[in-house]
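Chain residues, written in single-letter form:
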Amino acid sequence: MRGMGNMQGMMKKMQKMQKEMAEAQAELEVTLFEGTAGGGVVKVTVTGAKMVTNVELAEDVVDPEDIEMLQDLILTATNEAIKKVEEQTAKTMGKYTSGMNIPGLM
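Residues numbered from 1 in each chain as written. Predicted model: local features only at pLDDT ≥ 70, side-chain atom pairs only at ≥ 80, totals over all residues. Heavy atoms only, no water.

Student: So, the pattern of salt bridges: which residues are in play, and what are the values?
Tutor: Taken as a whole, this structure holds 4 salt bridges when the rule is applied. The closest approach of N and O atoms between Glu-20 and Lys-16, which form a salt bridge, is 3.8 Å. In this pair, Glu-20 and Lys-16 are both assigned in helix α1 (residues 2-30), 4 residues apart and thus about one turn of the helix distant. Taking relative accessible area as the criterion, Glu-20 reaches 29% and is therefore assigned partly exposed. Exposure remark for Lys-16: the relative accessible area of 53% places this residue in the exposed category. The partner of Glu-80 in a salt bridge is Lys-84, with the nearest N and O atoms 3.4 Å apart. Placement of both Glu-80 and Lys-84 in helix α2 (residues 67-97) is noted, with a separation of 4 residues, approximately one turn of the helix. Residue classification places Lys-84 among the partly exposed residues on the basis of a relative accessible area of 36%. (Salt bridge = Lys/Arg side-chain N within 4 Å of Asp/Glu carboxyl O. Helix = DSSP H or I, 4+ residues; strand = E, 2+ residues; numbered from the N terminus. Buried < 20%, exposed > 50% of the residue type's maximum accessible area, 1.4 Å probe, protein only.)

Student: Account for the nonpolar core, with residues named and values stated.
Tutor: Residues Val-42 and Val-46 are the most contacted members of the largest nonpolar core, which totals 16 residues. Among the secondary structure elements, those contributing two or more residues to this core are α1, β1 (32-37), β2 (42-47) and α2. Looking at which element gives the most residues to this core, the answer is α2, with 7 residues. Each residue touching Val-46, except ones within four places of it in the same chain, is listed here: Thr-31, Leu-32, Phe-33, Met-51, Val-52, Thr-53, Ala-81, Ile-82 and Val-85. (Core = buried A, V, L, I, M, F, W, Y, C linked by side-chain atoms within 4.5 Å. Contact = heavy atoms within 4.5 Å.)

Student: Outline the sheet that holds β1, supporting the account with residue identities and numerical values.
Tutor: The strands making up a sheet are joined through hydrogen bonds of the backbone, oriented either antiparallel or parallel. Taking strand neighbours across the sheet as the criterion, the 3 strands line up as β1-β2-β3 in an open arrangement whose pairing is antiparallel. Lying at the two open borders of the sheet, with one neighbouring strand each, are β1 and β3 (52-57). Across this sheet, the average inter-strand angle for adjacent strands is 15°, counted without regard to direction. Bridge analysis of β2 against β3 gives 5 bridges, and the strand direction is antiparallel. Looking at β3, one finds that Val-42 is bridged to Leu-57. (Pairing = 2+ DSSP bridges. Axes fitted to C-alpha atoms, helices over the stretch in contact; angles between N-to-C directions.)

Student: Explain α2 residue by residue, including any values.
Tutor: Along its 31 residues, α2 runs 44 Å from first to last C-alpha, staying within 8% of the 45 Å computed at 1.5 Å per residue. Taken together, the buried positions of α2 are occupied by Leu-70, Leu-73, Ala-77, Thr-78, Ala-81, Val-85, Thr-89, Thr-92, Met-93, Tyr-96 and Thr-97. (Expected span 1.5 Å × (residues − 1).)

Student: Could you give me a rundown of the pairing of β2, with the residues and numbers involved?
Tutor: Each regular strand carries side chains that alternate between the two faces of the sheet. Counting buried positions over the 6 residues of β2 gives 5, a clear majority of the element. Both β1 and β2 contribute to a ladder of 6 bridges, which runs antiparallel. Each bridged residue has a counterpart across the sheet, and for Glu-34 the counterpart in β2 is Thr-45. Counting the residues that bridge the hairpin from β1 to β2 gives 4 residues, and of these Gly-38 lies at a positive phi of roughly 65°.

Coordinates in, geometry out; function isn't part of it.
Right, here's the structure in full:
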C-alpha cells in the first residue's frame with residue numbers, strides 16, 4: 001500500500017507539470033516575434049503560433065523594377081521570425097521536457 005502514496009504524488013506532479021506546460025504554450029502563442037531583412041527595411045511580425053500579423057516595408061525598398069528582391073526580403077524576414085519562435089518554444093518548453101523522449105510533445 002505504501003507504493004500507492006508515491007504513485008498519487010507522482011500523478012499530482014505530472015498534472016501540475018502538464019498545467020504549467022499548457023500555460024507556457026498559451027503564453028508563447030500570443031507572444032510576438034519580429035524578423036527583419038535588408039537592414040530593417042522589411043519587418044515581419046509573427047505570433048508564437050506562427051501566424052503572420054504584420055508586414056512592414058520601408059518606402060525606399062519598394063521598387064517596381066525589382067519585385068524579386070522585395071519578395072526575397074519578405075521571405076527572409078518571415079523565416080527569421082519563425083526561427084525565433086521555434087528557438088523560444090524549444091527554450092521554454094525544453095525545461096519541461098528535458099531528458100524525456102515523449103513523441104508528439106514538441
